[in-house]
Amino acid sequence: MNIFEKLGKLDRRWIFLLLAIVCVATLLTSFRMPVRISREVNSIYEFVDSLKTGDIIHVGIDYDPNALAELHPMAYAVMEHALQRHATIVLTTLSQNGAGMAERLMLDIIDTMKVRHNMEIKYGRDIVFLGYKPYYSIVILSMGENYRIPFPADYYNTVLDSIPMMKSIQNYDQIKAVIELGSGNIIDAWIADANARYGVKVAIGVTGVMAADYYPYLRSGQIFGLMGGMLGAAEYEQLFRKQGTASEAMRVQVSAHVVIILFIIFGNIGFFISRKKGRSAV
Amino acid sequence: MITRKTAWLIVVMMLMAVVGWAQPNPVAEEAPGVTPPAPPTAVTATDSPDDAGRSITVRWQLSPDDGGGRSTVIQYKIFRGETAEGPFVERGVALSLAKIYVDRGTEATNDPNFFPNKTDFYYKVAAVSAAGAEGMSAAAGPTQATEQWYNIGRTPTFVAVLTFTALTLYFISRARKKADLYIRPLAGIEAVDEAIGRATEMGRPILYVMGLGTAADIATIASFTILGRVAKKVAEYQTSLIVPCYDPIVMTVAQETVKTAYYDAGRPDAFKEDSVYFVTQSQFAYVAAVNGTMLRELPATNLYLGKFYAESLLLAETGALAGSIQISGTDEVAQIPFFVVACDYTLIGEELYAASAYLGREPLLMGSLKAQDYAKALIIVCALAGITASIFGWTWIVELFRVTN
Amino acid sequence: MRKEIPLFIVLVCGIFMALQFFVPHSWSQFLYRYALDWLIVIGIFALALGIWSFIKVSYDKIQRRSENWPYAIIALAGLFGMIFFGLWFMGGLESYMYRHFFSFIMIPIQATMFALLAFFIASAAYRAFRARSILATVLLLGALVVMLRFNPFLGPLGEPMAKLADWILNVPNLAAKRAIIMGIGLGMVATALKVILGIERGYMGRD
């Protein structure tokens, strides 16, 4: 059996080992990786870049900690960009494991704005976190009537009407757009309930594996932007601040892709050689 | 000492100061934003359609100063009163260039935003400048919010449901009359019998995974039917069956399904309740448990039929590692590629729903399958009609299919 | 009557929930929300049954000293430990220990399991992407193009590769997804109809 035939019948543990080595080695290097920007991510960036002082956006952190690696970089980049434009953010989570994570995210962003942009972000004036409520479909529909129906108070149990920025927000009519970051069926509910029923603009950020499913909605105009997985997050970071967690992770992803492609090629070569040998023997 | 002349001078100066203060500031008069913008025109208020009341839609034509004229309008404020004379209370704001605002409220009487139905309301719309000056329109109304019993905007969906129901009932009646209905072969379903036979020969169990759906998910309901048929065969062949469940309600239904199947096969004593058990409702903890079961029990056959998410490849690859033959089926479009790549047979989307009809060949189930096929043909005809209409600009055809609200 | 009563309940509830979608009146919305609340109640009772099943299976494993029985002890310890630390006198769901176990055990383990996907995708791709037939070759080439979509090492080939990948995602992928979604939609309606009319009775156990 020659080397290619052996490669065609490789034990999967060698694949795991080599992949792990390549991923770790990439993290230890520092080569820069340019990222091509797609139209669907660019449209979200341009929208956020066009926000003015006092514009309000709704950000939905609707994913579990499992999807944190892909979706957190998007959340950080979009919210930092929006706050830098002096927009105000209403933050919710409709994923039952997401509340603590979303709160941590908000507090980190407030610190980041202070350190990186020298901006004092005040809770209640620039950003508010409404927390988690079950039955996401009903919550999304109710917010279209009035935010106070599903969320009479925020995550910290402060009545909504006593929060300064919420005084001028009744429902989606005051929201410029919803930027929904999720990893499940909640995305479909935002599109079907918020956009189709109330006409609010929706852009989404999803895990890489789900991204291909949402191109129909992009083509039909039901969403105006789509960030898919780590790549989408890296594209946004490139547009906004040229570097970040996703951009770093993309180097690892690209290296892993190269390894997988090489294995596929060698596996096919081994497969063809074995098949040819088998035919010759016959 | 103040002379008379000085005193008169002071009085005149004070008078001039008062008169000067009373004059409008010529600089302020010409400064943009202090003069209120022109009000919006043609304000109308109508009951919002297709809802449970508690809502009135206000429409208007843009103020001439919005986008044109002095371009000073930054937003519109909407006011509501119970009489034409007022008092009017602010209900909300709309951005500049907006021509519509939907005033909504709640049904709870103790809520500050309570919106009574069947009560006359009047609306005014004010164009607002950056300086806060308002150009108020005339009052529109009276209008009442009312509840509707039928959502007209969903009529295309209603017609589609009725059409499909009629097709299903027609083909079921045809199937009852023993009409020969052809169903194309489904490789995955045909492989089930062979897979069960393989497990019996090898003396290894069969692992049946119903996925992460609840008992309300159609994929899970389809899976119950297949489970019943598989369990009956398993009971007849005296193989063992393992069914780890993600949802407790699914577990109780699955236990009942398997138990009944064993009874039907004439082997009630062979049924073990512990073979169908609850694991956890945490996605990856469930995967870890099922993977552990696969590597310990080394089942000969793995059946993944139901609703799966990110764990699909984890399950399928571990099953491949254990050397099991794998048959999968899911309606989660994103997971189908993973199953196609890692499993021996895959039922794609609706093939999972068709599996129960295919296995049993019962006329009633076969009839509904034919109805689906004809419904698909109808959809293709409608799509072609829509494309033709778009090419020739016959927008009324496209509007027939539009679903609102 | 053992079969007829559940079938009747399914018929009435199924027709109501289907018609409710088209009736916006407040009575319809109230009954819909009421039905959803009942789902929670039933779910809680079923959860109790599920937990009992899990405890019983684990206990049997320990008692019979089945293969790998110590893991059953760990599973039961995890179950009862989290319940204990989440009880009101320990501080409830906001208690330090509960949040500690959740943040530093549950979340990292879940993230680890999710991360395994990367390795499994590699081994699945290696096994499955073999050019055994024309269709398999097309699949292989399509996958390679999309994977290389934004790879910066392609040099001048990068732009055409990105355009080709975009075309694959926006045309054949989109068409296939729409077709599958439509088929699934029709299948769902058909299955729901069969359940409501009592034709599909797999969930009740066999006749």
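Small disclaimer: the values here were computed from a predicted structure and weren't measured. (Residues numbered from 1 in each chain as written. Chains lettered and ligands numbered in written order. Predicted model: local features only at pLDDT ≥ 70, side-chain atom pairs only at ≥ 80, totals over all residues.)

A. Up close: the overall build of chain A. Counting secondary structure elements, chain A contains 11 helices and six strands. Across its three principal directions, the C-alpha atoms of chain A cover 80 × 40 × 30 Å. In chain A, buried positions account for 50% of the 282 residues. Here the analysis covers contacts within chain A between residues at least 6 apart in sequence; of these, 72% occur between residues at least 24 apart. (Helix = DSSP H or I, 4+ residues; strand = E, 2+ residues; numbered from the N terminus. Buried ≥ 20, exposed ≤ 12 C-beta atoms within 10 Å, placed from the backbone. Contact = placed C-beta atoms within 7 Å.)

B. Representation of the interface of chain B and chain C in the model. The partner chain C presents 51 residues to the 62 residues of chain B that form the contact. For the side of chain B that touches chain C, the element with the highest residue contribution is helix H6 (residues 248–264) of chain B, accounting for 11 residues. For the side of chain B that touches chain C, a count of residues per class yields 34 nonpolar, 14 polar and 14 charged. (Nonpolar A, V, L, I, M, F, W, Y, C, P; charged D, E, K, R; others polar.)

C. Representation of the sheet that holds strand E2 (residues 55–61) of chain B. Residues and elements named next belong to chain B. On the basis of which strands lie adjacent, the open sheet formed by three strands has the order E1-E2-E5 and antiparallel pairing. Each having just a single partner strand, strand E1 (41–47) and strand E5 (100–104) make up the two edges of the open sheet. When the angles between neighbouring strand axes are averaged without regard to direction, this sheet yields 20 degrees. Across five bridges, E2 lies against E5 in antiparallel orientation. Pairing of Ile56 across the sheet is with Asp103, part of E5. (Pairing = 2+ DSSP bridges. Axes fitted to C-alpha atoms, helices over the stretch in contact; angles between N-to-C directions.)

D. Region of the structure containing the domain arrangement of chain A. Per the domain assignment, the segments of chain A are domain 1 (3–30 + 258–281) and domain 2 (39–243). Placing the centre of domain 1 of chain A and that of domain 2 of chain A at their C-alpha centroids yields a distance of 42 Å. (Domains from an automatic or database assignment.)

E. Structural view of the pairing of strand E12 (residues 301–307) of chain B. Residue and element names in this part refer to chain B. Most of E12 is tucked away: seven of the seven residues are buried. Examined bridge by bridge, strand E9 (residues 206–211) and E12 share five bridges and lie parallel to one another. Opposite Val209, over in E12, you have Tyr304 as the bridge partner. With six bridges connecting them, E12 and strand E13 (residues 325–330) associate as parallel partners. Note that in E13 the partner of Thr301 across the bridge is Ile325. Taking the sense of rotation as the criterion, the β-α-β connection linking E12, helix H8 (residues 312–321) and E13 turns out right-handed. (Right-handed = clockwise from strand over helix to strand, strands pointing away.)

F. The arrangement of the sheet that holds strand E2 (residues 88–93) of chain A in detail. All names here are of chain A. With parallel pairing, six strands are arranged side by side in an open sheet as E3-E2-E1-E4-E5-E6. Whereas interior strands pair on both sides, the edge strands pair on one side only; in this sheet they are strand E3 (127–132) and strand E6 (225–228). Averaged over all pairs of adjacent strands, the angle between strand axes in this sheet comes to 15 degrees, irrespective of strand direction. Two elements, strand E4 (residues 177–182) and strand E5 (residues 201–206), share five bridges in a ladder whose sense is parallel. Opposite Glu180, over in E5, you have Ile204 as the bridge partner. Docked against the sheet, helix H5 (residues 99–117) engages strand E1 (56–62), E2 and E3, running at close to 170 degrees with respect to E3.

G. Main features of the environment of Lys163 of chain C. By the secondary structure assignment, Lys163 of chain C is in helix H6 (residues 158–170). For Lys163 of chain C, a count of 11 C-beta atoms within 10 Å gives the class exposed.

H. Structural detail: the interface of chain B and chain A. With 13 residues of chain B at the interface, the matching set in chain A holds 14 residues. Secondary structure elements with two or more residues in the side of chain B that touches chain A: strand E4 (88–95) and E5 of chain B. A class-by-class count of the residues in the side of chain B that touches chain A yields eight nonpolar, four polar and one charged.

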